Amino acid sequence: MNAQTADMTVSSTQMPTFFIPHGGGPCFFMDWSVMGGPADTWDKTEAWLRALVSTLPEKPKGIVVISGHWEESAFTASTAVEPGMIYDYYGFPPHTYELKYPAPGSPALAERVVELLKGAGLPARTDPARGFDHGVFVPFLLVDPDATIPVVPLSLKADLDPAEHIAAGKALEPLREEGVLIVGSGMSYHNMRGFRTPAATRPSAVFDQWLTGAVEATPKERETLLSHWAEAPAGRQSHPREEHLLPLMVAAGAGGASAGHKVFGDNVMMADISAYRFG
């Protein structure tokens, strides 16, 4: 599959789906001590992201990335052939605004995403110009540094309904049989006022334990639990606004009948963070 065409034939293997932590701004490409933290704050997360492709059954034909930094009134997939850069972070060193991620887009894959979503009765459309926000290019500079795999950004739906995002993931599950990797890019803990304070420590640990239990439950129970995440212990303390958690719902929905597992965990800026895999 290249930027113009997509081979949507059934693959010999089924791709897993992931929810990944995309870090803080351009954290992997700077000296984090500039931000007042230890220089090695993000080293473990960086190493895990760099190894992600090596855990896959084959190299993906394309990647659909649901970023916590893009919201639209309907699920929206970018059909940009050469997606541009969106530097949607503030107050970081000048060189971080020169980062480039030249992965091609895939209009054909974007159209396939919209076809599947509409087929499930969900509102969906394309955007011809949307580029890569930092929820995409920052982690994927590590995941696929050669930028050879086509990437299609997919928005959240602005009402942030968890059940609808799980439904969107379910609609996209057939892509897994077509060699496409589905990745939710966000953070399992995202309380900006809590980070780097003791206020993050216990709530993030409590919610992380609950979230891991929800992800690792049976698929039916997983769906129910994640749909009601806001009722979880320390749920709202961990996510005053849920845009960084909703990409997990899409990844979980696309996981279908596959088991979910916590595949990475770390403590950064006094908060527990995790990554999850389905399948």
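These numbers were taken from a predicted model, which means no experiment stands behind them.

Caption draft 1: Region of the structure containing the overall build of the chain. The number of helices and strands found in the chain is 8 helices and 8 strands. Relative to the globule expectation of 19 Å for 279 residues, the C-alpha radius of gyration of the chain, 17 Å, shows essentially globular dimensions. Put simply, the chain has 279 residues, and 58% of those count as buried. Restricting to contacts in the chain with at least 6 residues of sequence separation, those with at least 24 account for 82%. Per element, the accessible surface of the chain, about 10700 Å² overall, is 54% carbon and sulfur. Computing the positive centroid from 21 side-chain charges and the negative centroid from 32, the chain places the two 3 Å apart.

Caption draft 2: Quick look at the pattern of salt bridges. One pass over the structure, following the stated rule, counts 13 salt bridges. Glu46 is the partner of Arg50 in a salt bridge, and the nearest nitrogen-oxygen pair spans 3.1 Å. With Arg50 and Glu46 both in helix H1 (residues 43–51), this residue pair falls 4 residues apart, about one helical turn. Accessibility expressed as a relative area gives 18% for Glu46, which makes it buried. For Arg130, the salt bridge is made with Asp133, and the minimal N-O distance between the two is 2.8 Å.

Caption draft 3: A look at H1. All buried positions along H1 are accounted for by Thr45, Glu46, Trp48 and Leu49. Seen end-on, H1 carries its buried residues on one side only, within an arc spanning 165 degrees. Residues of H1 that are buried in the fold lie against strand S1 (17–21), helix H3 (134–143), strand S7 (260–268) and strand S8 (271–278).

Caption draft 4: Structural context of the side chain of Arg130. Positionally, Arg130 belongs in the loop between strand S4 (124–127) and H3. On the accessibility criterion, Arg130 (16% relative accessible area) is buried. A distance of 3.4 Å separates a polar atom in the side chain of Arg130 from the backbone oxygen of His69. Not counting chain neighbours up to four residues away, the residues in contact with Arg130 comprise His69, Trp70, Ser78, Ala80, Pro83 and Ile86.

Caption draft 5: Up close: the pairing of S4. Where strand S3 (residues 75–78) and S4 come together, 4 bridges link them in parallel fashion. Bridge pairing in S4 links Phe75 to Ala124. Each parallel crossover has a hand, and the one from S3 via helix H2 (residues 107–119) to S4 is right-handed.

Caption draft 6: Structural view of the packing of aromatic side chains. One pass over the structure, following the stated rule, counts 16 aromatic pairs. Plain terms: the ring middles of Tyr189 and Phe195 are 5.1 Å apart, the flat faces sit at 85 degrees to each other, and that makes the pair edge-to-face. What makes Phe195 buried here is its relative accessible area of 10%. Ring-pair connections join several aromatic residues into one group, and the members of that group are Phe28, Phe29, Trp32, Trp42, Tyr87, Tyr89, Phe92, Tyr97 and Phe137.

Caption draft 7: Focus on the nonpolar core. Ranked by size, the top nonpolar core spans 43 residues in total, and within it Val113, Leu117, Leu154, Leu172, Leu175 and Leu248 carry the most contacts. Ranked by the residues each element gives to this core, the list is headed by helix H8 (residues 246–255), at 7 residues. Not counting residues up to four positions away in its chain, the partners in contact with Leu172 are Val113, Leu116, Leu117, Leu154, Ile182 and Val250. If you look at the next biggest cluster of nonpolar residues, it comprises 42 residues, including Met30, Val138, Phe140 and Ala271.

Caption draft 8: How the structure looks around the side chain of Arg222. Here Arg222 is to be found in helix H6 (residues 219–227). No salt bridge is formed by the buried Arg222, whose closest oppositely charged neighbour, Glu223, lies at an N-O distance of 7.5 Å. Of note is the side chain of Arg222, whose polar atom sits 2.8 Å from the backbone oxygen of Ser258.

The rules we used
Residues numbered from 1 in each chain as written. Predicted model: local features only at pLDDT ≥ 70, side-chain atom pairs only at ≥ 80, totals over all residues. Heavy atoms only, no water. Helix = DSSP H or I, 4+ residues; strand = E, 2+ residues; numbered from the N terminus. Rg over C-alpha atoms; globule rule 2.2 N^0.38 Å. Buried < 20%, exposed > 50% of the residue type's maximum accessible area, 1.4 Å probe, protein only. Contact = heavy atoms within 4.5 Å. Areas by Shrake-Rupley, 256 points an atom, 1.4 Å probe, with all protein chains shown as cover. Lys, Arg positive; Asp, Glu negative; His and termini not counted. Charge placed at Lys NZ, Arg CZ, Asp CG, Glu CD. Salt bridge = Lys/Arg side-chain N within 4 Å of Asp/Glu carboxyl O. Arc of directions from axis to C-beta. Polar contact = N/O pair within 3.5 Å; in protein donor to acceptor, adjacent residues only side chain to side chain. Pairing = 2+ DSSP bridges. Right-handed = clockwise from strand over helix to strand, strands pointing away. Phe/Tyr/Trp six-rings, centres within 6.5 Å; stacked < 30°, edge-to-face > 60°. Core = buried A, V, L, I, M, F, W, Y, C linked by side-chain atoms within 4.5 Å.

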